[in-house]
Amino acid sequence: MLGNGEVIGKLQMSWDELLNHGDEPFDISFPPVRDVYPSLTLKIAIVHACDNQNGALSNSLLDSKIARDTDAGHARFVEYVTSENVFHLNAAVEHFQLVLDQCPVSHPDHAAALTNLAWARLQGFIRNDLEDIDVTTSLFRDALALRPQHHIDYPSSLYNLTEALTWRHIKKSTTADIREAAHLYRELLPLCPDGTYLRSIAVGENGVNYVIDECNKPPVDTSDEGIHLRRVVVEICPLGHQLRPRALNDLAGAVEARFKQCGSIDDIDETIQLRREAMSLCPEGHADCNTYLNNLAVSLVSRFDHQGKPNDLDEAISLFEEVLRLCPVGHEYHDFLLGNLGGALVNRFKERGDIDDITRAVSLHREALMLQSPGHLYRDTTLNNLALALKTRYDELHVIEDLNEAIDWYREFLRLWQLDHPERHVTLFNLSSALCSRFTQTQENEDVDEAITLCQESLALLSSLHPDRYFSYMQLQEAYLSRYKILNDPADLSLAIENFRLASRHPTQGFPERIKEAIDWAHQAEVYQHESALEAYQMCFELFDSHVMTRSSIISRREAATAFDGAQSLPVDAASCAIRRDHLLRAVELVEQGRGQQWSLASRLRTPVEDLESANPTLAHNYLALSKLLSNAAQNNSATITDKATADRAATEYRRLTEQWAAVVAEIRGIRAFSRFLLPPLYGGLQAAARQGPVIILIASEYSCSAIIVSTSGDPHHVPLPSVTLAELTNLKDRFARAIRHARVMGPKVPRNDLIVLLRTVWDTIMLPIVNVLQHGLKLKFLSRIWLCPTAAFTSIPLHAAHPFKTNADGSKEPCLEDLYICSYTPTLSALVRSRQLMKKRVTPSFVTIGQGKPGAGKGKELLAVDSELELVHKLVPATANRTTISGDAATRAGALEALQQNTWVHLACHGKQDRIQPYHSHFVMRDEHLTLLDIMEKDIPHAEFAFLSACHTAVGDEETPDEVIHLAAGLQFSGFKSVIGTLWEVDDSVAQHVVEAFYKNMFKDLENDGVMDCTKAAWALNRATHSVKTKVPLEQRIVFVHIGV
């Protein structure tokens, strides 16, 4: 009979014993092999020779000869295995070859004959008795080709081929063989359950573990094929496999190497996920635990460098500290680990400026260097790290000895490294930076000329898309700009600007670094009055938009936007630049694009698509579906997940959705009518905000302060404010804050002289020049509506209350701003446009009053007038509206949020708190939990119309992003409320009732039973109310209320 190549036992049985079984199949068992008990099922058949069965007899005789030759081959092979006499091997091969010659391709036993011959030849090759392995491998391939996947012998044929490939690799080091063996094992192992004989030999000494070890040996192959191979290796190391941690670590190393070459955030994210899994499989005390901890920390630092997430850096430093604890002085890698921690501390110092970090970093690198004698494997790396730390400390403390020492170490480092070292370019641009710094001190031309040459050399070493080209561009602009400052050669300035441009646009570098460079570009272009300034500002906004969009939560987006020095003033500085260049339309577009970033990013996922649904229903459906998925992912964002591995996976999934969403948006923009879908609006679209009255944008920049009036038609009007500077506005803002605090402790009849002086200043220096243009340039009618859109320091000044406080010679009083016009505010022009668009969808009004005068313990004092205020409002609301009241124990966070969603008109009376550090945590105080701005923003309430926020600080922006106007009133407007009354500071609830009563009386004045409640009357009603309560309400409590929206 034919076998498959390995002798597992001998069988001796008489003919009588065989014939006793008749024609029924029976099993024969053999002694155990590798703890597996082999068995064989036989069935006896007797062939009768008859005259009319010549063909059958002939076939039977042939089969008998094949069986005899096969048995003879096995017998000789067993003798070879036991005696190691090559004579027996040759005899076995000869017999097996005879069998193969008698079994053509069409013969059912051809595959078995191939296998028998190949197995004998393979054993001879293993024992060095046969030199040829290529023919043997081909025989196994032919056998496998004849056994389809469902064939019972398919797994064993896979194994046989892996054995041949493995042994050819062992003896000839053929890389292709070990790669193919890994792919075959990936297919084989699932077919061999634990406990089977084939499984036991597949995981043997020269089996899958050998293949895993060989595949994971250096060098690291970052090609798609190389990384795919390492993925295969991970697949053949299932959970519980002793080599799985190492396979994960080695795959991570290859993916991270590709990240360093190409800069794909997907690669570094995957690297960290793989390293986390490897670490999780190695409990403390595991031989490789230190390595996996260190590698994860290194990868986290790489992601921080690329994406700027502070949590990554903090976690990396914590891991480095832990590794050092596990590898104390005397450990062979202690010096190397000191350097890793020192490098992370340098990064954190650059981010946060804690001098202790850079001081410790320098000490750690010096300690590492002391442990490394000349010729030490890592000494050159330590020299580079120490030089970088010294240069960083010099940038902060300007101790020239640090700089000179850094330059010396960089030169020593370059001397030690060969010209083709893959990291040589890093030291070249680091040395260039140090030389530039010394040039600014000494003005020695040799330093700056060498710096330029070094950067050019580093660029020559890098491919066009290598992420590190960014740093070479950055250092080149630094060198050219340094030389320009001394020599004043315009060519140097042009070259510096060009390298600013190249660095900012370099696609494979992370957004944080590019944003820093773009901000510096804008600043330097302003300083040297270069024509590229507007281009630089535009680049800043585009990079910010792309960077912030990668963050899944609203809070993390704001954190990303506020992480850069100089970023807060970019919108007003860009607008000022455009104004100074007589580009008023561009000024409006830039200030809108920069100021409305947080709101516009959040609103993108709520953009109406009725027109798109008509033009392309499928595309509209895809867009809406992905927007919903993104919105859900943002609400279940990774920032709230405590498990770091889970958070990483959530962030990766969010980015994948973002990429799909961006692809659909790009497809939408491919339709001619939607070419500007979700792009920053142009002036023509923004001008719609002024459809019912001019919008006045007040711009406060360090370069100039002025106003732009966007009118209903035509070009905007520029109003210079020559007597106003940013510093004076900041001072004015602070004086207002002090005057308001002082007024709180004054009696109601005591004149508010400090406040009067300040409001007069606002009138004379800010609003009067604007009013002059409104009256004489635009011919704006008396009591027309105007909208104020303040920026920067203007946002903290009550512009609507500007007042001359003057009496004319005839005894008449000079009118104030609110005598002349009905004033409203708007956070951005886009917010006003969006509110007007949503006004088209009106429903039957329902009015809810929400009050909480008795918040929980520690949440504020009791508000005694809340219940009476709710009762008053309830009486003043027309009976035609569906009126409800929520107060006391029912006024909880959930109850208030539900009421906001279910009603179109809302009056809210409670404590309000603006969180100036994290504005999205600003909140209304309820009985149980706070109702936060974030809670409100996460709800889409398109049918909502009006909200009166009778609470403190509901229309005050935060300190970090003053140009974003992130406050409770703006949040309600974003969620769908078109018209909102908010407050600029603390409200006296008992006094405020007078304003509330006067407001609602005017709001619903002359409203017939069948009339329509109109939220667009809110600004007029507030204007009338504050006029009517002058004798009852102190000045600061009258002007505290502002109107926002339509």
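It should be noted that the structure appears before, not after, this text.
Please read all numbers here as calculations on a predicted model, not as lab measurements. (Residues numbered from 1 in each chain as written. Predicted model: local features only at pLDDT ≥ 70, side-chain atom pairs only at ≥ 80, totals over all residues. Heavy atoms only, no water.)

J.: Hey, could you run me through the pattern of salt bridges in this one?
T.: When their charged atoms lie close together, side chains carrying opposite charge are able to pair. Within the structure shown, the criterion is met by 45 salt bridges. Here glutamate 235 ties to arginine 186 by a salt bridge, and the two come within 3.3 Å at their closest N and O atoms. Of this pair, glutamate 235 sits in helix H10 (residues 224-235) while arginine 186 sits in helix H7 (residues 175-188); the two residues are 49 residues apart in sequence, bridging distant segments of the chain. Residue arginine 186 is classed as partly exposed on the basis of its relative accessible area, which comes to 28%. For glutamate 997, the salt bridge is made with lysine 1001, and the minimal N-O distance between the two is 3.0 Å. (Salt bridge = Lys/Arg side-chain N within 4 Å of Asp/Glu carboxyl O. Helix = DSSP H or I, 4+ residues; strand = E, 2+ residues; numbered from the N terminus. Buried < 20%, exposed > 50% of the residue type's maximum accessible area, 1.4 Å probe, protein only.)

J.: Help me understand the packing of aromatic side chains, please; the structure alone is not making it clear to me.
T.: Geometry of an aromatic ring pair is reported as the spacing of the ring centres plus the angle between the planes. Counted according to the given criterion, the structure contains 18 aromatic pairs. Geometrically, the ring pair formed by tryptophan 905 and phenylalanine 946 is tilted, given 5.1 Å between the ring centres and 45° between the ring planes. Placement of the pair is tryptophan 905 in strand S10 (residues 905-909) and phenylalanine 946 in strand S14 (residues 946-950), with a sequence separation of 41 residues. Taken together, the ring pairs connect Phe847, Trp905, Phe946, Phe948, Phe999, Tyr1000, Phe1004 and Phe1041 into an aromatic cluster. Looking at lysine 171, its charged tip hangs above the ring of phenylalanine 125, at a distance of 4.6 Å from the centre. Of note, arginine 836 hangs over the ring of tryptophan 787, and the distance from its end group to the ring centre comes to 4.9 Å. (Phe/Tyr/Trp six-rings, centres within 6.5 Å; stacked < 30°, edge-to-face > 60°. Lys NZ or Arg CZ within 6 Å of the ring centre and 35° of its normal.)

J.: What's the story with the side chain of glutamine 509 in this structure? I'm lost.
T.: The topology assignment puts glutamine 509 in the loop between helix H22 (490-505) and helix H23 (511-527). On the accessibility criterion, glutamine 509 (6% relative accessible area) is buried. Here proline 467 takes part through its backbone oxygen, which lies 3.2 Å from a polar atom of the side chain of glutamine 509. When near neighbours in sequence (up to four residues on either side) are disregarded, glutamine 509 contacts Asp305, His306, Pro467, Tyr470, Phe471 and Arg514. (Polar contact = N/O pair within 3.5 Å; in protein donor to acceptor, adjacent residues only side chain to side chain. Contact = heavy atoms within 4.5 Å.)

J.: I would appreciate a short explanation of the environment of phenylalanine 304 in the present structure.
T.: Looking at the element boundaries, phenylalanine 304 is found in helix H13 (residues 289-307). Placed twelve residues apart in sequence, phenylalanine 304 and alanine 316 show a C-alpha to C-alpha distance of 9.4 Å. Excluding its chain neighbours within four sequence positions, the residues that come into contact with phenylalanine 304 are Lys309, Pro310, Asp312, Leu313, Asn347 and Glu351.

J.: Sorry, what's going on with the packing of helix H11 (residues 244-262) against H13 here?
T.: How two helices pack is summed up by the angle between their axes together with the distance between the axes. At a closest axis distance of 11 Å, the pairing of H11 and H13 adopts a crossing angle of 25°. With respect to H13, the axis of H11 lies roughly parallel. Pair H11 / H13 crosses with left-handed handedness. Judged by residue contacts, Pro245, Arg246, Asn249, Glu256, Phe259 and Lys260 of H11 engage Tyr292, Asn295, Val298, Ser299, Ser302 and His306 from H13. Looking at the contact of H11 with H13, its residues break down into four nonpolar, five polar and three charged. (Axes fitted to C-alpha atoms, helices over the stretch in contact; angles between N-to-C directions. Parallel < 35°, antiparallel > 145°, perpendicular 65-115°, else oblique. Left-handed = near helix turned anticlockwise from the far one by under 90°. Nonpolar A, V, L, I, M, F, W, Y, C, P; charged D, E, K, R; others polar.)

J.: I tried to follow H10 on my own but got confused; where do I start?
T.: Given 3.6 residues per helical turn, the α-helix brings residues three or four places apart onto the same face. Across its twelve residues, H10 extends 16 Å between first and last C-alpha, which sits within 8% of the 16 Å expected from 1.5 Å per residue. Within H10, the full set of buried residues consists of Gly226, Ile227, Leu229, Arg230, Val232, Val233 and Val234. Residues of H10 that are buried in the fold lie against H7, helix H9 (208-215) and H11. (Expected span 1.5 Å × (residues − 1).)

J.: Help me understand the pairing of strand S15 (residues 979-983), please; the structure alone is not making it clear to me.
T.: Side chains on a regular strand alternate between the two faces of the sheet. Along S15, five of the five residues are buried, which leaves the element largely enclosed by surrounding structure. Sheet topology places S14 next to S15; three bridges connect them, and they run parallel. Residue pairing for S15: alanine 947 is matched across the bridge by valine 980. Where S15 and strand S16 (residues 1041-1045) come together, five bridges link them in antiparallel fashion. (Pairing = 2+ DSSP bridges.)

J.: Help me out: how do you make sense of the side chain of histidine 169 in this one?
T.: Looking at the element boundaries, histidine 169 is found in helix H6 (residues 154-172). Contacts of histidine 169, omitting those with residues within four sequence positions, involve Thr174, Thr175, Asp177, Ile178, Tyr210 and Glu214.

J.: I tried to follow the sheet that holds strand S13 (residues 930-932) on my own but got confused; where do I start?
T.: Whether parallel or antiparallel, the strands of a sheet pair through hydrogen bonds between backbone atoms. Strand order in the open sheet formed by three strands is S11-S12-S13, and the pairing between neighbours is antiparallel. Looking along the sheet, the strands with just one partner apiece sit at the ends: strand S11 (912-913) and S13. Looking at chain direction, strand S12 (residues 923-925) and S13 are connected through three bridges and run antiparallel. When the sheet's bridge partners are listed, valine 925 is paired in S13 with histidine 930.

J.: Would you take a moment to explain the environment of glycine 253 for this structure?
T.: Tracing the backbone shows glycine 253 in helix H11. A relative accessible area of 23% means that glycine 253 is categorised as partly exposed. Here the alpha-carbon distance between glycine 253 and isoleucine 227, two residues 26 residues apart in the chain, equals 9.6 Å. In this view, glycine 253 contacts Val220 and Arg275; residues no more than four positions away in its chain are not counted.

J.: What is the right way to read the packing of helix H24 (residues 533-549) against helix H27 (residues 584-595) from this model?
T.: Where H24 contacts H27, the axes come no closer than 10 Å and their chain directions differ by 30°. Relative to H27, H24 is oriented roughly parallel. As for how H24 packs across H27, the hand of that crossing is left-handed. Contact residues: H24 offers Leu534, Gln538, Phe541 and Glu542, while H27 offers Arg586, Leu590, Gln593 and Gly594.

J.: I would appreciate a short explanation of the nonpolar core in the present structure.
T.: Proteins that are soluble and globular tend to have nonpolar side chains buried together. By size, the foremost hydrophobic cluster in this structure holds 218 residues, and its most contacted members are Ile766, Met767, Leu799, Phe924 and Phe999. Broken down by element, this core gets its largest block of residues, ten residues, from helix H34 (residues 753-777). If we ignore the near neighbours within four places in the chain, the residues touching phenylalanine 999 are Phe946, Phe948, Ile981, Ala1018, Ala1021, Leu1022 and Ala1025. Val99, Cys103, Trp119 and Cys192 belong to the second-largest nonpolar core, a separate cluster that totals 65 residues. (Core = buried A, V, L, I, M, F, W, Y, C linked by side-chain atoms within 4.5 Å.)

Without other data, these values stay purely geometric and don't point to any function.
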